[in-house]
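# Structural features, examined
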Amino acid sequence: MRRISPGALLVLLLLSMNAGHAKAASCEATGAGPPPLPMGTDEEASEAMRRQAGACVAERKPARAVALLTQVIRSNPGDAGAYLNRGSAQVALGEVDLALSDYSTAIRLKPDLEEAWYNRGTALLHVRRYENAIADLTEAIRLKADFALAYCNRGLANVQLGHYDDALGDYAAAIERDPSLTYCHANRGNLYLILGEYQKAIGDYAAALGEQPSDAVALSRRGQAYEALGQTSQALDDFRAALEIQPGLESAQEGFSRITQGQKRTDGVH
């Protein structure tokens, strides 16, 4: 069975979990086995389990969430939302095949569930099935035209396929719909860096860092863009700041070393 690092799917939001429910409930129990069925009607019990599962995800206890949602599914095999949420919990466990299966079931049960198309497309993106990811994310966008994250992730899939113009179009559409989407600014900055559009890259990294100033990778890449423009003082500042946040960041170490060594050689020339 394929596994995927939970950290690799940071872009995969648990869009289907109700945040209000998650805050109102508590994960409570610690066992990994199936939980006892709460008192009340089947629907009341299922709703209680959904709330508890949302709390478990919020508390980073995805195995417990899977157990809870499996009980909900046993009680109601036609509950598309339960499959969707269990898929997201499986992602948190790194079980991408199980997640893809749950997302597919959710889509079969409720074909207009845009979150299921988005989540499956994003999971496919991270297992490098880019064409399939684009198809799913396109369907998510068809169902929800203002789905900024779906545009952004489709842009990332297009980058991986070398479809740079399509990717730039997707990133622009995402940022137009949600200018505060840090993840998308950073991704577009990465593409501009590849294309040699260094000033545009700097602009996007600045936007991303405005929302997340401690993003060491964005700082290092902005440093690379400054360095490419010959603005070594700004580049050195960014590399240094990145290393203060993440001392082992290789790109920042290399950039810092390139510039400081170059300065030493220059100072040695009379």
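Residues numbered from 1 in each chain as written. Predicted model: local features only at pLDDT ≥ 70, side-chain atom pairs only at ≥ 80, totals over all residues. Heavy atoms only, no water.

### Some points on the packing of helix H9 (residues 164–177) against helix H10 (residues 182–195)
Between H9 and H10, the least distance of the axes is 10 Å, while the angle of their chain directions is 150 degrees. Comparing their axes, H10 and H9 come out roughly antiparallel. Note on packing geometry: the crossing formed by H9 with H10 is left-handed. Counted together, Tyr164, Ala167, Leu168, Tyr171, Ala172, Ala174 and Ile175 of H9 and Cys184, His185, Asn187, Arg188, Leu191, Tyr192, Ile194 and Leu195 of H10 form the full contact between these two elements. The residue makeup of the contact of H9 with H10, split by class, is twelve nonpolar, two polar and one charged. (Axes fitted to C-alpha atoms, helices over the stretch in contact; angles between N-to-C directions. Helix = DSSP H or I, 4+ residues; strand = E, 2+ residues; numbered from the N terminus. Parallel < 35°, antiparallel > 145°, perpendicular 65-115°, else oblique. Left-handed = near helix turned anticlockwise from the far one by under 90°. Contact = heavy atoms within 4.5 Å. Nonpolar A, V, L, I, M, F, W, Y, C, P; charged D, E, K, R; others polar.)

### Here we look at the nonpolar core
Core analysis: the biggest nonpolar cluster contains 53 residues, and Tyr118, Ala150, Tyr171, Leu181 and Cys184 have the highest contact counts within it. No other element matches helix H8 (residues 148–160), which puts eight residues into this core. Grouped together as the second largest cluster of nonpolar side chains are 19 residues, Leu193, Ala201, Tyr205 and Leu236 included. (Core = buried A, V, L, I, M, F, W, Y, C linked by side-chain atoms within 4.5 Å. Buried < 20%, exposed > 50% of the residue type's maximum accessible area, 1.4 Å probe, protein only.)

### Some thoughts on the packing of helix H6 (residues 114–126) against helix H7 (residues 130–143)
The relative placement of two packed helices comes down to the angle between their axes together with the axis-to-axis distance. Between H6 and H7, the least distance of the axes is 8 Å, while the angle of their chain directions is 160 degrees. The orientation of H6 relative to H7 falls into the category roughly antiparallel. Crossing of H6 over H7 shows left-handed handedness. Of the residues in H7, those touching H6 at Glu114, Trp117, Tyr118, Arg120, Gly121, Thr122, Leu124 and Leu125 are Tyr130, Asn132, Ala133, Asp136, Leu137, Glu139, Ala140 and Leu143.

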